[in-house]
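Residue-level listing of the chains:
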Amino acid sequence: MLQQRSGWLTILPSGKWFIQLPRQALGKRSQKKLFASLGPFSHHKRVYTGLPAMQPGRFRTRINWKMMNNSLKLGPLIGILTVGEGAAFLGNRENFKDITQSGKRWGALVYVFTPQGINWEKKKVRGYLYNQKQNLWQEVVLPFPHVVYNRIPTRKAEQRPEVKKALARIHEMPNVTLFNRCFFDKQELFSMLKKYPEVQAYLPETKKLDTLARFKGFCTEHRFVYLKPVRGKAGEGIMRVDYKNDSWRLQRLKEQRAVTRRFSNLDDLWKHVKSHVRQQRYIMQQGIRRARFNGKPFDVRVLVQKNGQGEWGITGVGIRRSGSQNITTHVPRGGSIHSLSSVLQTLFQTDPEKMEQKIHQTALAIASSLNEEIKDLAEMSMDLGLTEDGSLWFFEANAKPEKFDEPSIRRLSLSNLIHYAQYVSRLQSGREAAAG
């Protein structure tokens, strides 16, 4: 007989684990030693029942449990993977704290670990639990997690040989789910999506920036072009080229300001571009004349995640409007945040709901197509362009989205993360965990 619920798990600095279970769940086992099966490799650990006395360093979380054939299973165990030396690990610690607290709320044990902290033979990790009362991260030896959530913060770190090797080994581990194995490559992303007829209409023409001939041909055809680093992040390195008043204008960001230069011909413009591109790989992308809100163009930013049923869903949509420099919509670079409803009701007064539905359907189609090519995706954010006539265009996607500033989207994103981990580890109990 299968039972599945959530209860409170307490981990002491001594390494002892306590679980609070209803008496009927224990039955005749209440007088015997209780052992739990932990993680994807079924580590057996002595677990004590009840609630231990308060003491410094005591960590508590709600966790799902199953009692099956006299065996207690606890989970899911979610490991946030990052890099760094020991407790000085890198990454967005506020985000890590939020995920830990969401695990506590919804029923999961969440900890941070690094490739250096993995014991491959024993299938254990040196993990870090967040102690909210003391606002510190405690080091504990823990079983290997059911789910590895890749939050390695930079492409450079992810490309280190030891990190790539660790990610490859984790990917091959049985019963372990690796969320979002790596950052997206913009060039590969568009090459993948071109294969799918259902999303081709949303793709602006995109080509590699490599030769003068290709550059001149592309700019002459489109007269409005974006140049983007293949492995760029948060708008870094983006340049805008357009033809205006009988000259070519190049805009790029420098220290949060837009720097504009004009050229009489594409040969001179090419030399200038090459001096900034140097050895980086870039793509050229057809510029899209986006609709404007309060006089400025904007992007539609969508967060797409898998949910507690393992299905793609729209977690939220926000508007990111360009700042005065007009090159990117990133908020740290002068952009501003607006609600989707306010923008759609202003621009599409006859049927804003229909436009919102179209945005949802487009984002889900793109996510599903990418998931056909990249199997271990669980979430992504994407930027879409919206024109005055209601056409949608796909600009880019991010496999490691930063947190959305809108509180409702943020809350749902954390809930989805935990519930999808419960789904893939087969220890989900959904509403029962939330209510418990």
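Residues numbered from 1 in each chain as written. Predicted model: local features only at pLDDT ≥ 70, side-chain atom pairs only at ≥ 80, totals over all residues. Heavy atoms only, no water.

> Help me out: how do you make sense of empty space enclosed by the protein in this one?
Take a probe with the size of a water molecule and roll it over the atoms, and the empty space left behind shows itself. Counted by the stated rule, this structure contains four cavities of 30 Å³ or more. Looking at the second largest cavity, its volume works out to about 150 Å³. Around the second largest cavity sit 16 residues that line it, and Tyr 149, Glu 379, Pro 401, Arg 410 and Ser 413 are the ones nearest its centre. Here the lining of the second largest cavity takes four residues from helix α11 (residues 407-424), the largest share from any one element. Tallied by class, residues from the lining of the second largest cavity come to seven nonpolar, four polar and five charged. (1 Å grid on protein atoms, 1.4 Å probe; cavity = no way out; pocket = protein on both sides within 12 Å on 5 of 7 lines; lining within 4 Å. Points joined across faces, edges and corners; volume = space filled by probe spheres on them. Helix = DSSP H or I, 4+ residues; strand = E, 2+ residues; numbered from the N terminus. Nonpolar A, V, L, I, M, F, W, Y, C, P; charged D, E, K, R; others polar.)

> Looking at this structure, how should I read the layout of surface pockets?
By volume, the second largest pocket is sized at about 400 Å³. Taken together, 18 residues line the second largest pocket, and the ones lying closest to its centre are Glu 158, Gln 159, Arg 181, Cys 182 and Phe 183. Listing elements by their share of the lining of the second largest pocket, those giving two or more residues are α3 (155-158), α4 (161-172) and α5 (186-193). Residues belonging to the lining of the second largest pocket are distributed by class as follows: seven nonpolar, two polar and nine charged.

> What is the right way to look at the environment of Asp 246 in this model?
Note on placement: Asp 246 falls in the loop between β18 (239-244) and β19 (247-254). Spatially, the C-alpha atoms of Asp 246 and Lys 186 are 31 Å apart, while their sequence positions differ by 60 residues.

> Mind showing me how you'd approach helix α2 (residues 93-106) here?
Since the α-helix packs 3.6 residues into each turn, any two residues three or four apart lie on the same face. Along its 14 residues, α2 runs 20 Å from first to last C-alpha, staying within 8% of the 20 Å computed at 1.5 Å per residue. Buried within α2 we find Asn 95, Phe 96, Lys 97, Ile 99, Thr 100, Ser 102, Gly 103 and Trp 106. For α2, the N-terminal cap is Asn 92; the gap from its side-chain oxygen to the backbone nitrogen of Glu 94 is 3.2 Å. After α2 finishes, the residue Gly 107 shows a positive phi value of roughly 110°. (Expected span 1.5 Å × (residues − 1). Buried < 20%, exposed > 50% of the residue type's maximum accessible area, 1.4 Å probe, protein only. Polar contact = N/O pair within 3.5 Å; in protein donor to acceptor, adjacent residues only side chain to side chain.)

> What's the story with the side chain of Glu 406 in this structure? I'm lost.
Assignment of secondary structure puts Glu 406 in the loop between β27 (392-398) and α11. Of the residues examined, Glu 406 reaches a relative accessible area of 15% and is grouped as buried.

> Looking at this structure, how should I read the pairing of β27?
Looking down a regular strand, the side chains alternate between one sheet face and the other. Among the seven residues in β27, six count as buried, and that is most of the element. Here strand β26 (residues 379-386) runs beside β27; their pairing, made up of six bridges, is antiparallel. Within the sheet, the bridge partner assigned to Leu 386 lies in β27 and is Leu 392. The antiparallel pairing of β26 with β27 creates a hairpin that spans five residues between the two strands, and Gly 390 there sits at a positive phi of about 90°. (Pairing = 2+ DSSP bridges.)

> I tried to follow the pattern of salt bridges on my own but got confused; where do I start?
Where charged atoms of side chains with opposite charge meet at close range, the side chains can pair. Under the defined criterion, the tally for this structure stands at 17 salt bridges. A salt bridge links Lys 195 to Glu 373; the nearest nitrogen and oxygen atoms lie 3.1 Å apart. Of this pair, Lys 195 sits in the loop between α5 and α6 (197-200) while Glu 373 sits in helix α10 (residues 352-373), placing them 178 residues apart in sequence. Judged by its relative accessible area of 54%, Lys 195 falls in the exposed class. In the salt-bridge network here, residues are joined through shared partners; they are Asp 185, Arg 231 and Arg 281. (Salt bridge = Lys/Arg side-chain N within 4 Å of Asp/Glu carboxyl O.)

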